[in-house]
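# Descriptive structure summary
Letter by letter, the chains look like this.
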Amino acid sequence: MRRETELDAVRGIAALIVMFFHFWLIVPDGWKTHAYVTHMMGVSFTPEMLFHFTPLRLLVSGSGAVGLFFVLSGYVLSLSVARQRMTSYGRFIVRRIFRIYLPFAIVVLFSAALLPLVKTAPLHGVSDWFANEPWSVYPTEQVVAGHLLMIGTIPLISLDNPMWSLIIEMRVSLIFPILFILMEKYRNETLACVTAAYFCSSIFLNRLGENPPTTFMHSVIFTFEYLPLFVVGILFYQFRERISGFYGSTRPVIRNVIMPLAVLLLGTPTIGPENAVGIMKNLIWIVCTTIGSVSMICIAINNEKIRSFLQKSHMQGLGHISYSLYLSHMVVLLVMAYTLLDHMSLWRWGALSLPVCVMVAAVCFWFVESPCMRAGYWLTRRRYLKPELAG
């Protein structure tokens, strides 16, 4: 089975969307709702309207991009586990720790070191969220330890806000091989248990009105609100041949119109477990994200023109640095905000900051992420190979 490198590029696009989403959050709230950017058919459109109620929403849909990440993880990890059925659980976990946790820990420590050096005065001319939430707590030993232990509560994500999803990714990784085996042997029963866990966690946290979780135990329960997306990835792996066959045999209107439109569901606005309280809203979000993610992956794998584009070198390069971009961009934005925003307009700052985020991500990939991955593979390499594999 060929390695589906086009999915690396999909992950890179999702990381870019998360970065755009955070820049959108930085923009002052007043400008979003009162600036008029265009006038059509007697209606004046504000940025909030354009990026909330049109397909442009997809460009700043951070929650949809994260949901896509989780479905992709479920699918790609299924491929990995299936290829190495004799690989021990310990080897899998060690590689995931080196792949996810070590780069995360290094970036968090960098953020903790930079905060007291850079944050010397309050930010002005930005949104209330950006001025008050990221870097909201001084990095004491206890705060840094809470981040490194992935406690997952406020303020123990303030050194690198996107880490909330990495906590979920790491926790699910710990049980993923077991989940994969259960889905292989007891699919219906496992689906029933995952569904029940999702509804129980959603009902429990919504009754508490917690957004985000305030205790470690509640943070663990919060993880179950996203577990179905990983299971969707496993299901995509199990039925991938049927899905590909359906895509190839279905009518062109479905392939070329309906499925691309379904991708827009990833931009379902303002709902999702991490930024809304409401059981029905959360359910709508996870259904829309599932449909959008599956459509996106299906198109990337089976549409020849899209696949060829995603396999181009620049798209593959973006895919390679996607995790580093996701991990480091908020720290870069914070450093540049506290050092440069007093000296230039927000828009000039944004035009400078976004490419710098990509460049720093490339450096992070080569000097942090890639060495960590190599170390993980070196530690878990097989000492003895069968003779036919040795050459």
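Residues numbered from 1 in each chain as written. Predicted model: local features only at pLDDT ≥ 70, side-chain atom pairs only at ≥ 80, totals over all residues. Heavy atoms only, no water.

Before going further, it helps to spend a moment on the nonpolar core. The biggest cluster of nonpolar side chains holds 107 residues, and the ones touching the most others in it are Phe104, Phe130 and Trp349. For this core, the element with the highest residue contribution is helix H17 (residues 322-340), accounting for 13 residues. Setting aside chain neighbours within four positions, we find Trp349 in contact with Phe23, Ile26, Leu333, Met336, Ala337, Leu340, Leu341 and Met344. (Core = buried A, V, L, I, M, F, W, Y, C linked by side-chain atoms within 4.5 Å. Buried < 20%, exposed > 50% of the residue type's maximum accessible area, 1.4 Å probe, protein only. Helix = DSSP H or I, 4+ residues; strand = E, 2+ residues; numbered from the N terminus. Contact = heavy atoms within 4.5 Å.)

Any empty space left between atoms is shown by rolling a water-sized probe over those atoms. Of the volumes computed, that of the largest pocket is approximately 1400 Å³. Put simply, the parts of the chain that give the lining of the largest pocket at least two residues each are helix H1 (6-26), helix H4 (62-83), helix H5 (89-118), helix H8 (163-185), helix H16 (313-320), H17 and helix H18 (346-379). The element best represented in the lining of the largest pocket is H4, accounting for 10 residues. Residue composition of the lining of the largest pocket, grouped by class: 22 nonpolar, 9 polar and 13 charged. (1 Å grid on protein atoms, 1.4 Å probe; cavity = no way out; pocket = protein on both sides within 12 Å on 5 of 7 lines; lining within 4 Å. Points joined across faces, edges and corners; volume = space filled by probe spheres on them. Nonpolar A, V, L, I, M, F, W, Y, C, P; charged D, E, K, R; others polar.)

Turning our eyes to something else, we now look at the packing of helix H9 (residues 187-208) against helix H14 (residues 279-302). At a minimum axis distance of 10 Å, the contact between H9 and H14 shows a crossing angle of 140 degrees. Our classification of the angle between H9 and H14 gives oblique. By crossing handedness, the relation of H9 to H14 is classed as right-handed. In this structure, H9 uses Tyr198, Phe199, Ser202, Ile203 and Asn206 to contact H14, whose residues at the interface are Ile279, Asn282, Leu283 and Ile286. Its residues assigned to classes, the contact of H9 with H14 shows 6 nonpolar, 3 polar and no charged. (Axes fitted to C-alpha atoms, helices over the stretch in contact; angles between N-to-C directions. Parallel < 35°, antiparallel > 145°, perpendicular 65-115°, else oblique. Left-handed = near helix turned anticlockwise from the far one by under 90°.)

Here the structure, examined in full by the defined rule, presents 3 salt bridges. Put simply, Asp8 and Arg11 hold a salt bridge, and the shortest N to O gap is 3.3 Å. Here Asp8 and its partner Arg11 are both found in helix H1, 3 residues apart, which amounts to about one turn of the helix. Taking the relative accessible area as the measure of exposure, Asp8 reaches 10% and is therefore buried. Given the relative accessible area of 17%, Arg11 is considered buried. (Salt bridge = Lys/Arg side-chain N within 4 Å of Asp/Glu carboxyl O.)

This paragraph deals with the confidence of the model for the protein chain. This prediction gives the protein chain a mean pLDDT of 89; 91% of its residues lie at or above 70. Below a pLDDT of 50 lies the segment residues 271-276, which in the model reaches 23 contacts outside its immediate sequence neighbourhood of four places, other chains included. Across residues 383-391 the pLDDT falls below 50, and counting only partners more than four positions away or on other chains, this stretch makes 1 contact in the model. (pLDDT = per-residue confidence, 0-100.)

Time to look at the packing of aromatic side chains. The tally for this structure, following the rule as stated, stands at 18 aromatic pairs. Where Trp135 meets Tyr338, the ring centres are 5.8 Å apart and the plane angle is 20 degrees; that geometry is what we call stacked. Pair noted here: Trp135 is in the loop between helix H6 (128-132) and helix H7 (141-148) and Tyr338 is in helix H17, with a separation of 203 residues, a long-range link. Taking 5.6 Å as the distance between ring centres and 75 degrees as the angle between the ring planes, the aromatic pair formed by Phe222 and Tyr226 counts as edge-to-face. Of the two residues, Phe222 and Tyr226, neither departs from the other in class, the shared state being buried. Here Lys32 stacks its cationic end above the ring of Trp24, 4.8 Å away from the centre of that ring. (Phe/Tyr/Trp six-rings, centres within 6.5 Å; stacked < 30°, edge-to-face > 60°. Lys NZ or Arg CZ within 6 Å of the ring centre and 35° of its normal.)

Evaluated as defined, the whole model comprises 0 disulfides. With no disulfide of its own, Cys193 lies 11 Å from the sulfur of Cys200, the closest cysteine sulfur. Since its relative accessible area comes to 54%, Cys193 is described here as exposed. (Disulfide = S-S within 2.5 Å.)

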